[in-house]
Each structure stands twice: as C-alpha cells, then as structure tokens.
Amino acid sequence: MAPDDKEALAGAQSATGQAPPGFIAPGQREAGGDGSIPRMKKIQLGQSDLHVTPICLGTMTFGEQVDEPTSHAILSRSLERGVDFIDTAEMYSVPTRKETYTVTETIIGNWFAANPGAREKLVVATKVAGPSRGMPWVREGSGMTAADIEASCNASLKRLKTDVIDLYQIHWPERHVPLFGNMYYDPAKESSKTPILEQLEALGKLVKAGKVRAIGLSNETPYGVHEFVRLAEQHGLPRVATVQNVYSLISRGHENALDETMHRLNVSLLAYSPLAFGLLTGKYDQSGIEGPDAPKGARISSYESVRKQRWGRPDSLRAAKRYNQLARDNGLTPTQLALAFCYTKWQVASTIIGVTSVAQLDEDLDAYGTTLSAEILAEIDKIRWEIRDPAA
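Residues numbered from 1 in each chain as written. Predicted model: local features only at pLDDT ≥ 70, side-chain atom pairs only at ≥ 80, totals over all residues. Heavy atoms only, no water.

Caption draft 1: Looking closely at the pairing of strand β5 (residues 123-128). Counting buried residues in β5 gives 6 out of 6 residues, a clear majority hidden from the surface. Covered by surrounding structure in β5 are Val-123, Ala-125 and Lys-127 together with Val-124, Thr-126 and Val-128, the residues of both alternating faces. Between the parallel elements strand β4 (residues 85-87) and β5, the chain passes through helix α4 (residues 103-114) in a crossover that is right-handed. When β5 meets strand β6 (residues 165-170), the two strands line up parallel, connected through 4 bridges. The residue bridging Thr-126 from the neighbouring strand is Tyr-168, located in β6. In this region the chain leaves β5, passes through helix α5 (residues 146-160) and returns to the parallel neighbour β6; the handedness of that crossover is right-handed. (Buried < 20%, exposed > 50% of the residue type's maximum accessible area, 1.4 Å probe, protein only. Helix = DSSP H or I, 4+ residues; strand = E, 2+ residues; numbered from the N terminus. Right-handed = clockwise from strand over helix to strand, strands pointing away. Pairing = 2+ DSSP bridges.)

Okay, here's the thing in structure tokens:
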C-alpha cells in the first residue's frame, strides 16, 4: 500500500461518519473550502428517482490491481470528498479471471460492513453479466436467461451485504452486437436465446420485489436502447434509466447517433474509461505500452489480454499522444484535458473514474471544474477528424 493510501486508510472510519461535502443546491457552483471537489448539482438518471453526482467511482480494479485495504481507503476517500455514486459488476475484477470473479463486490460489501451508515449515503450500481464470451465461470451456456438474471441479482445482493441494488444493469447485450472495439454487425453471428421482453420481465420482477430500484444497460447500441424503451412502455415494465458505454477523447462513437437516441428517449449516459485505460494520462507517451521502460503496474503494460484489446492498438496510442500534447500546449495535464472533456459534455450524465490509489483518485476529482476554451474544443474536434475513434 502506498504511503498516501495508508494515511487515507487511517482516517477512513471517521471520514464516512460525516455528511459528504461538496454538493449544494442545483444551479450553484463554487469551490469547496474543505478539500471537496468544486460543488456540483446532482444529476437525475433518466426518468428514475435516482439522483447522483456527475462523478462515479468505478471499482473494477479492486481485487486485481488493488488489494482490499487500499480499495477500502479509496472508497472512504471518495465518499469523504462527496462522490455518492459507485459502480461495480458481478464479473469484476478486471482483467477477469476465475480466481477473482465476484471479488470486487465482496470487497465493497466488506467495506459497507466495516463502515456503518456508508451504504445509506451511496447510490450503488452493479451489473449482471451477459453471455459467457469465453468465461464459463461467469455464465454457463451461450445465453442469459431470466433465471440467470434473478440468480445473479440475489448473489450480488449477498456479496454487497445490502438489501437493494439502486441501479441494476445488463453488462453487455444478450444478443450479438459488435462489442469492445469490434466495428461491424454480422447477422450471421446472431445467437440470442432470451428475447428483450423476457429480460425486461425478469428485471421487472426484481424491481417489484424491492431488490432493484432502477435498471440500465451497458455496451449498448441505438437499436437496443430503442427496443428496451419501446417494450417497457408497451408492456408497463421498468424503463431503462441509463446506458453505460465507453466514452473518451479516443472513443467518441457515442456521438454517432446513440447520443441523439438517448437524448430523445431521456436515457442517461454513464461514461466509462474516460482516460482510455491510462493512455490519456500521458504515462505511455515516451515508453509505449510494453517493454522495459513501460510503467510498472499499469493496466495496459501489465496485462497482455488488455494489450490485445482496443487499448493496445497503435492508433489508440498515436491518437492519445496528440491529445496529451494538446493538453500540455495549453497548460493542462493530459488527465485534466481528458476528464474535463467528459465532465463538461452535454451527452454525459456521470463520468466513471477508475483508480488504483488514493492519489489517483484525488487527481481525477481535482480535475472537476476545469473548463476547456472554444479554441481547445475546436482543436479536439480537428484531431478527431484526422484520427477518428481508434478505441471506439
């Protein structure tokens, strides 16, 4: 555990006993004088009754890159600084392995148990895994049945040591879609076993039973969002409040029609990987993503499986370096530019930040309130026109 994490851990118990600082009435915005992030109004998620901070703590590093004591320190510091929204998944930690499957939820549940009152201050989101995708320890068989959804929810509730999940999301579609950097839909690969209506009915039962407050999707397409909303309205079932999709300077595919879909249907975007697995922090600019000079312990350099994904593409690093230099040329850190881009976009309801230390958490939270000039935004769009979305 790093020294700064030990210090945060020492104060964790007292931190969660205080009302979260950093938030005031809608419409006001000023710097906090107590170390909290600049004050922000909370955001309503879709048409649900959930209202959250525009920053969400992602937890997929907990149990793989981050040990349990450090994870608890991060959770405590995040709450202390005013973030009231955390996101996890039954599949986590990442990269997913049989040995660490479900560990992240267990770590969070243990933190709730060690910090009475913390659960009531947070909006907790988790996700049910879709079809197996080569991970039989996550989901057996090729589909995701209604029984799978119910069983996964019950198991998550137990691991999280809570009576209700505030936002329950389908992690990736049950039907075939181009996912995680794949570009083209191929109808010949369709393998759906459970119709969307049946999925919605299963989620509706969980809501009716009081186990789930609101539902969401993740890694979805315009078709999927429209169909989930249409069927919910047609059959009187819960309406999706959110879609959690990738969104960053090098992953702006959301702006190719999905943003209009979600705006018109009043579904909120939860933006994940705003720093592109670290590419947009500048840490790989000189060393590259592998080799003796690559950052030790960083996600892309540490895991071959990650380097085989969109984050390992040469074009992804090439594009990131362009944006990182743009930040430096304008007196910003690459992290400030990348996060300010997401924090200030009208398309984004809440930005999910994932960290491996309290120091990283503080850096990401401190970036809130950074404004980007019209000239910088124009330069960002100019770079995108040249390079497009290499990690979409």
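Read on, since the account is not over.
Caption draft 2: Here's a closer look at helix α7 (residues 222-235). Its 14 residues place the ends of α7 20 Å apart at the C-alpha level, agreeing with the 20 Å of an ideal helix rising 1.5 Å per residue. The complete set of buried residues in α7 reads Gly-224, Val-225, Glu-227, Phe-228, Val-229, Leu-231 and Ala-232. In this fold, the buried residues of α7 make contact with β6, α6 (196-208), β7 (212-218), β8 (240-246) and α8 (258-265). Within two residues after α7, Gly-236 carries a phi angle of roughly 65°, on the positive side. (Expected span 1.5 Å × (residues − 1). Contact = heavy atoms within 4.5 Å.)

Caption draft 3: Seen up close, the sheet that holds strand β9 (residues 268-272). The strand order around the closed barrel formed by 8 strands is β3-β4-β5-β6-β7-β8-β9-β10, and the pairing between neighbours is parallel. Ignoring which end each strand starts from, the neighbouring axes of this sheet average 30° apart. As paired elements, β7 and β8 share 4 bridges and run parallel to each other. Residue pairing across strands places Ile-215 opposite Val-240, the latter belonging to β8. Contacts from α6 reach β6 and β7, with the element oriented near 150° to β7. (Axes fitted to C-alpha atoms, helices over the stretch in contact; angles between N-to-C directions.)

Caption draft 4: View of the environment of Asn-182. Tracing the backbone through its elements, the reader meets Asn-182 in the loop between β6 and α6. Once the C-alpha coordinates of Asn-182 and Ala-392 are considered, the two residues, 210 residues apart in sequence, prove to be 8.1 Å apart. A distance of 2.9 Å separates a polar side-chain atom of Asn-182 from the backbone oxygen of Leu-179. (Polar contact = N/O pair within 3.5 Å; in protein donor to acceptor, adjacent residues only side chain to side chain.)

Caption draft 5: A look at the packing of α5 against α6. Packing of α5 against α6 leaves a shortest axis separation of 9 Å and a crossing angle of 30°. In terms of orientation, α5 and α6 fall into the roughly parallel class. Handedness of the crossing formed by α5 with α6: right-handed. Every residue of α6 that contacts α5 at Ala-146, Ile-149, Glu-150 and Cys-153 is listed here: Glu-198, Gln-199, Ala-202, Leu-203 and Leu-206. Class assignment of the residues belonging to the contact of α5 with α6 gives a composition of 6 nonpolar, 1 polar and 2 charged. (Parallel < 35°, antiparallel > 145°, perpendicular 65-115°, else oblique. Left-handed = near helix turned anticlockwise from the far one by under 90°. Nonpolar A, V, L, I, M, F, W, Y, C, P; charged D, E, K, R; others polar.)

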